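Chain and residue survey
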Amino acid sequence: MSAATVLRCPGCGDETSAGDRFCEACGEQLVTALATDADAADPAAEPAVASEQERAAGVCRSCGGVVGEDGYCQTCGTKAALARDHFDAEPAPWVAMTCDRGVRHRRNEDAGAVSADPEPSSRAVLVVCDGVSSSTDSDVASLAAATAAQQVLSAARARGIGTPDSQTAAIVARLEAAADAAHEAVVASTAADSPDPASCTFVAAVVEDGRIVAGSVGDSRAYWLPDRGEGVALTVDDSMAAELIARGVPREEAESGPQAHAITRWLGVDAPEHTPRTRTQDIDGDGWLLVCSDGLWNYCSEARDLAGLVRRTAAEHDGRPLATTTALVDWANAQGGRDNITVALARLTSGRT
């Protein structure tokens, strides 16, 4: 290696050492090839050419032009995004999700899955999983986990014995079963000899009969954001930051410290325990259910502040959930996009019980 050659993290541009597998500054997985100063000028550059099947469906996200067979826009010449880099879901007009790679990461390790009945505020399932950057194949694991959890939660209606309390208990049991299925999916996607087993966070929320039941493992979150009144955090992070906050450290200080994103529970082969902590929230007015990864809440953590952000963003987009999730992802990217971003929203009204 020449003296002029500098090894840099493709995610944040920080200098790294030969043989490092992960960046000490941001946790990004490092490529094995050497990066020169010229290579490092574009931190988002992809070292490998993706297959045609992996490309976003033929439309350039930069200008709307047609993407050619070589993977480049025929109008502006921009390289097309991978389908895994950015994807949306809208199972019903009142529920939507957007998942995006962000600005600084080379791959999207976030994933989400949503489902909903056609009738507004009737029944919906929102799941988000965030792959841990320091683990191998976390992008594969998070997608497998989110899909498995959503399938479990959508497969059966938890009725209990007919009372509200028993129905809530039945939904909690389904959330636990969904976390089990997600955990098993992560394990199944992990090579037996992997030195850094795949792992991810888990958060899921179920809307049914006028209530929300949410559960989480790790630091992906769910919030109830009513149109009037304070927003409510429905989950508590399993993280060093959350432990510091519980000890009285101010939230802003705890969430910006050196171990702010060190999680204490996760899904994966080496997970200590993965039963989700749950909370139930009655839908006592019109509002938004938000389920998201830390790529969004990094920039707006307090429920009160998030409520204001979502209200303003939704108002600017005529209250359309998909347009709102897309705009919230764009907002997070405008703040720096240092992490992958997943935003899932359900527009809920209290008229249905």
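Please refer to the structure higher up on the page.
Here is a short report on the structure shown in this document. Everything numeric in this text was worked out from a predicted model, so none of it was measured.

1. Regarding the packing of aromatic side chains
All chains considered together, the criterion is met by one aromatic pair. Consider the rings of Tyr299 and Trp331, whose centres lie 6.4 Å apart with planes at 85 degrees: the pair is edge-to-face. With a gap of 32 residues between them, Tyr299 in the loop between helix 6 (294–297) and helix 7 (303–316) and Trp331 in helix 8 (residues 321–334) connect regions that are remote in the sequence. Judged by its relative accessible area of 27%, Tyr299 is partly exposed.

2. Looking at the sheet that holds strand 7 (residues 211–217)
Note on sheets: strands pair through backbone hydrogen bonds, and any given pair is parallel or antiparallel. Spatially, 3-4-6-7-11 is the arrangement adopted by the five strands of the open sheet, whose pairing is antiparallel. Looking along the sheet, the strands with just one partner apiece sit at the ends: strand 3 (110–116) and strand 11 (277–282). Between one strand axis and the next, the sheet turns by 10 degrees as a mean value, whatever way the strands run. Packing against the sheet, helix 2 (residues 138–155) makes contact with strand 3, strand 4 (123–130) and strand 6 (202–208), and its axis sits at approximately 160 degrees to strand 4.

3. Notes on the packing of helix 7 against helix 8
The geometry of a pair of packed helices is captured by two quantities: the angle between their axes and the separation between those axes. Following both chains from N to C, one finds helix 7 and helix 8 inclined at 120 degrees, their axes separated by 9 Å at the closest point. The angle between the axes of helix 7 and helix 8 places the two elements in the oblique class. As helix 7 runs across helix 8, the sense of the crossing is right-handed. The segment helix 7 lies against helix 8, with Leu309, Val310, Thr313 and Ala314 engaging Thr324, Ala327, Leu328 and Trp331.

4. Some details on the environment of Ile212
You can see Ile212 is positioned in strand 7. Classification of Ile212 as buried rests on a relative accessible area of 0%. On a C-alpha basis, the gap between Ile212 and Arg279 in space is 8.2 Å, while along the polypeptide they are 67 residues apart.

5. Comments concerning the nonpolar core
Counting 29 residues, the largest nonpolar core has Val127, Cys129, Leu153, Val186, Phe202 and Leu267 as the members making the most contacts within it. Elements with a contribution of two residues or more to this core: strand 3, strand 4, helix 2, helix 3 (164–188), strand 6 and strand 7. Counting residues per element, this core draws most heavily on helix 3, which supplies nine residues. Not counting chain neighbours up to four residues away, the residues in contact with Val186 comprise Ala141, Ala145, Ala198, Ser199, Cys200, Leu267 and Gly268. Membership of the second largest hydrophobic core comes to 26 residues, among which are Met97, Leu126, Trp224 and Ala346.

Rules behind the numbers
Residues numbered from 1 in each chain as written. Predicted model: local features only at pLDDT ≥ 70, side-chain atom pairs only at ≥ 80, totals over all residues. Heavy atoms only, no water. Phe/Tyr/Trp six-rings, centres within 6.5 Å; stacked < 30°, edge-to-face > 60°. Helix = DSSP H or I, 4+ residues; strand = E, 2+ residues; numbered from the N terminus. Buried < 20%, exposed > 50% of the residue type's maximum accessible area, 1.4 Å probe, protein only. Pairing = 2+ DSSP bridges. Axes fitted to C-alpha atoms, helices over the stretch in contact; angles between N-to-C directions. Contact = heavy atoms within 4.5 Å. Parallel < 35°, antiparallel > 145°, perpendicular 65-115°, else oblique. Left-handed = near helix turned anticlockwise from the far one by under 90°. Core = buried A, V, L, I, M, F, W, Y, C linked by side-chain atoms within 4.5 Å.

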